[in-house]
2 protein chains.
Amino acid sequence: MPKPSPPKRATVHDVAAAAGVSRGTVNRVLNGGYVSATARTAIEAAIAKVGYVPNTAARNLVRRRSQAIGFLAMEPHSLLLEDPNIGAIMLGANEVLSVADHQMVSLVVDSYRDTERVGRYLRGGFVDGAIIVSARAHDPITRLITQLRLPATFVGHPPDLHHSIPFVGIDNVGSARTITQRLLQTGRRRIGMIAAALDRDSGADRLTGFRQALGDRFDPSLVAEVPLYDYSNGVKGMRVLLDREPLLDGVFAASDAVAAGALEVLREAGRTVPGDVGIVGFDNSSWAMRTQPPLSTVHQPAREIGQNAAELVLNQVRGTEPAARSILLDTSVVWRDSA
Amino acid sequence: MPKPSPPKRATVHDVAAAAGVSRGTVNRVLNGGYVSATARTAIEAAIAKVGYVPNTAARNLVRRRSQAIGFLAMEPHSLLLEDPNIGAIMLGANEVLSVADHQMVSLVVDSYRDTERVGRYLRGGFVDGAIIVSARAHDPITRLITQLRLPATFVGHPPDLHHSIPFVGIDNVGSARTITQRLLQTGRRRIGMIAAALDRDSGADRLTGFRQALGDRFDPSLVAEVPLYDYSNGVKGMRVLLDREPLLDGVFAASDAVAAGALEVLREAGRTVPGDVGIVGFDNSSWAMRTQPPLSTVHQPAREIGQNAAELVLNQVRGTEPAARSILLDTSVVWRDSA
């Protein structure tokens, strides 16, 4: 079994002793002041030897900057594990922050205890700004960020947003309308929707787009409401729809994972896709390519969403763009075999 | 369009002005010293009003503690997005750290630039310890952590580990042996393996277990080596195996995602599962339940891995267990329909 070293951390004193110089000389090197080349070389070797931690934290404290940006996803953790977009949003944000030499730190908010502690962390000056995914304006952390005037950007438009934090999102209404129209154009007449997460802007907006596309043909009894965008909710929602309307010939599932669950129920019920029923999803996630048949769906530019969110935060941190605009990114529809 | 506030941050001076007290009185409150109840109430109200950031960072600096633990996954980012375990490991670690009032901060390492900057972050005293997933001992960040004597734990056993950092893992050799034996016991005679990620302990150990189970029957030509544990590598590996041995009747896929890709190739080739070919996976991820047929596989206790990793780091941070032991957690085999 390996044995770890004891957790003692080296001090300036240890560096000075190892280099054979005074603490003042070490501090001059650490603060970028003048010392002889010989002393500098000895001190740098001593820093490496004793494993000294330079005082970046202290310097940042003086500058009131951490060079770090928090990334917070306000999702139930079960969803976080399944979300097809969150990873790509994080990597997109990290790309932009990395080029700007900022450290992205992802903070999990999974319990009340986390909320309290993340709040202290944000107040503690450990980050210069925050990117917040799936927030609502009444979330305690969102309220705190507003109160602190911490530079921040939302990913997605909080349904109850009435304040100063800009957001990056997609046009969920228009995208849902477009993909529902496809079901109409291919001759579907009894079209239902599995509507997930109606407490989020994305969920509510997708239902609005569905309703707009159907116009007079919209039948509220053909909307199955489910709480989450996942596979098992797709199973539940599809059972409800088939029960209410056995002649259903078209389905808009609010996400690809929901569509995958719905496909399983249609298969069990002996309905062919796209023969008997046409089905479309949303996200263009890995689900969409691996279902049988592959899904027609809406492509979310997740990486670009992350990049734009990072840029909006950095603009605020730098003060370069005081009136940061919110941004809506374009989606595209991907046609495969399911409708 | 909403307009953000300018990024001005409140100071002790602003608090003092808003409360109508001196800066010294504000500082006494911030440092936990005595002030009158009236002054304290006024100052707390003023802190809330002006959005002052208390000096947690300064206090932590004096204590040489950040109360934060870094979580680093050293995976190519494409894999990180698909990894079925990483999210559960993170949440398990966060549970333990949260109860211990430590902030978990996940750091993405996606490029050389990230490596440099994460290195500075670790040196800068922003974290008291680190959990490192899928590291190798020669990784620059692993070397740095060793040099800094930063409390740390590996998830998985770095193949080139010869030093002091403890690890949490599973017995990949024994688990792979057990699940391969199942293929033998159900009468399979020409058994191949899609062996992924042989540069990692997990990948190399799973191949060792496969070879041990087969003993004299092991045929190296029935091992298809692929770089990554994902669906598309399962597709590639299965094509290689079918090409080399059309009479193949058993497959051990190194992960469930690999098995899902292999199933697709078998389906296209007109082979029934488990009729013509028995196939087993590894992970018990969401893939395993959703393939047709569902997969027999090895359950990885991902959440417990994260919890144990957090405990090992905290033990080192507190100095309560100087000789931290590495930990191997038990797996279990889950039998479904694919073999």
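Just so it is clear, the model here is predicted, and its values are computed rather than measured.

## Observations concerning the overall build of chain A
Alright, step 1. Counting secondary structure elements, chain A contains 14 helices and 12 strands.
Alright, step 2. In chain A, which comprises 339 residues, the proportion classed as buried is 59%.
Alright, step 3. Counting only contacts in chain A whose residues sit at least 6 apart along the sequence, the fraction spanning at least 24 positions is 70%.
Alright, step 4. When the accessible surface of chain A is summed, it comes to about 13600 Å², and 52% of that surface belongs to carbon and sulfur atoms.

## Brief notes about helix 10 (residues 201-214) of chain B
Residues and elements named next belong to chain B.
Alright, step 1. In this model helix 10 runs 20 Å from its N-terminal to its C-terminal C-alpha over 14 residues, within 8% of the 20 Å that 1.5 Å per residue would give.
Alright, step 2. If you check which residues of helix 10 are buried, you get Asp-201, Ser-202, Gly-203, Arg-206, Leu-207, Gly-209, Phe-210, Ala-213 and Leu-214.
Alright, step 3. Those residues of helix 10 that are buried are in contact with helix 9 (172-185), strand 6 (191-196), strand 7 (223-226) and strand 8 (250-253).
Alright, step 4. Remark: Gly-215 follows helix 10 within two positions and exhibits a positive phi of approximately 55°.

## Brief notes about the confidence of the model for chain A
In low-pLDDT segments, the atomic positions of the prediction should not be examined closely.
Alright, step 1. Mean pLDDT over chain A stands at 86; residues scoring 70 or higher make up 87%.
Alright, step 2. Of the regions scoring below 50 in pLDDT, residues 1-7 of chain A engages in 20 contacts with residues more than four places distant in sequence or in other chains.

## Comments concerning the pattern of salt bridges
Alright, step 1. For the structure shown, the criterion picks out 14 salt bridges over all chains.
Alright, step 2. Salt-bridge contacts for A:Glu245 lead to A:Arg190; the nearest nitrogen and oxygen are separated by 2.8 Å. Here the residue A:Glu245 occupies a position in the loop between helix 11 (231-244) and strand 8 (250-253), and A:Arg190 occupies one in the loop between helix 9 (172-185) and strand 6 (191-196), the gap between them amounting to 55 residues.
Alright, step 3. When the shortest N-O distance is used, the salt bridge between B:Asp114 and B:Arg117 registers 3.2 Å. In this pair, B:Asp114 and B:Arg117 both sit in helix 7 (residues 112-123), 3 residues apart, roughly one turn of the helix.
Alright, step 4. According to the relative accessible area criterion, B:Arg117 is buried, its value standing at 4%.
Alright, step 5. Salt bridges here are not isolated pairs; linked through shared partners, they connect A:Arg190, A:Asp219 and A:Glu245.

## So, helix 12 (residues 256-268) of chain B
Residue and element names in this part refer to chain B.
Alright, step 1. Between its terminal C-alpha atoms helix 12 stretches 19 Å, which fits the 18 Å expected from 13 residues at 1.5 Å a residue.
Alright, step 2. Most of helix 12 sits inside the fold, with 11 of its 13 residues counted as buried.
Alright, step 3. Buried residues of helix 12: Asp-256, Ala-257, Val-258, Ala-259, Ala-260, Gly-261, Ala-262, Leu-263, Glu-264, Val-265 and Leu-266, and no others.
Alright, step 4. Once helix 12 finishes, Gly-270 follows within two positions and takes phi at roughly 80°, a positive value.

## Topic: the packing of helix 11 (residues 231-244) of chain B against helix 12 of chain B
Residues and elements named next belong to chain B.
Alright, step 1. Helix 12 packs onto helix 11 with a crossing angle of 50° between their chain directions and a minimal axis gap of 6 Å. Considering their axes alone, helix 11 and helix 12 lie oblique with respect to each other. Where helix 11 crosses over helix 12, the two elements pack in a sense that is right-handed. Contacts from Tyr-231, Gly-234, Val-235, Met-238, Arg-239 and Leu-242 in helix 11 reach Ala-257, Val-258, Ala-260, Gly-261, Ala-262, Glu-264, Val-265, Leu-266 and Glu-268 in helix 12.
Alright, step 2. In terms of residue class, the contact of helix 11 with helix 12 is made up of 10 nonpolar, 2 polar and 3 charged.

## Side note on the environment of A:Val333
All names here are of chain A.
Alright, step 1. Secondary-structure assignment places Val-333 in strand 12 (residues 332-334).
Alright, step 2. According to the relative accessible area criterion, Val-333 is partly exposed, its value standing at 27%.
Alright, step 3. In the structure, Val-333 is positioned 52 residues away from Gly-281 in sequence and 10.0 Å away in space, judged by C-alpha atoms.
Alright, step 4. Setting aside residues up to four positions removed in sequence, Val-333 forms contacts with Thr-178, Ile-179, Thr-297 and Val-298.

## A short note on the packing of aromatic side chains
Alright, step 1. In this structure the tally under the stated criterion is 10 aromatic pairs over all chains.
Alright, step 2. Centroid distance B:Phe210 to B:Phe252: 6.2 Å. Interplanar angle 35°. Geometry classified as tilted. Here the residue B:Phe210 occupies a position in helix 10, and B:Phe252 occupies one in strand 8, the gap between them amounting to 42 residues. Like B:Phe210, the residue B:Phe252 is buried in the burial classification.
Alright, step 3. Summarising the aromatic geometry, the rings of B:Tyr231 and B:Trp287 are spaced 5.6 Å apart at their centres and angled 20° between planes, so their arrangement reads as stacked. With B:Tyr231 in helix 11 and B:Trp287 in helix 13 (residues 286-290), the pair connects residues that are 56 residues apart, well separated along the chain.
Alright, step 4. One aromatic cluster is present, built from ring pairs that chain together A:Phe210, A:Phe218, A:Phe252 and A:Phe282.
Alright, step 5. Looking at B:Arg206, its charged tip hangs above the ring of B:Phe282, at a distance of 3.7 Å from the centre.
Alright, step 6. For B:Arg290, the ring lying beneath its charged end belongs to A:Tyr231, and the centroid distance is 4.4 Å.

Thresholds, definitions, all that
Residues numbered from 1 in each chain as written. Chains lettered and ligands numbered in written order. Predicted model: local features only at pLDDT ≥ 70, side-chain atom pairs only at ≥ 80, totals over all residues. Heavy atoms only, no water. Helix = DSSP H or I, 4+ residues; strand = E, 2+ residues; numbered from the N terminus. Buried < 20%, exposed > 50% of the residue type's maximum accessible area, 1.4 Å probe, protein only. Contact = heavy atoms within 4.5 Å. Areas by Shrake-Rupley, 256 points an atom, 1.4 Å probe, with all protein chains shown as cover. Expected span 1.5 Å × (residues − 1). pLDDT = per-residue confidence, 0-100. Salt bridge = Lys/Arg side-chain N within 4 Å of Asp/Glu carboxyl O. Axes fitted to C-alpha atoms, helices over the stretch in contact; angles between N-to-C directions. Parallel < 35°, antiparallel > 145°, perpendicular 65-115°, else oblique. Left-handed = near helix turned anticlockwise from the far one by under 90°. Nonpolar A, V, L, I, M, F, W, Y, C, P; charged D, E, K, R; others polar. Phe/Tyr/Trp six-rings, centres within 6.5 Å; stacked < 30°, edge-to-face > 60°. Lys NZ or Arg CZ within 6 Å of the ring centre and 35° of its normal.

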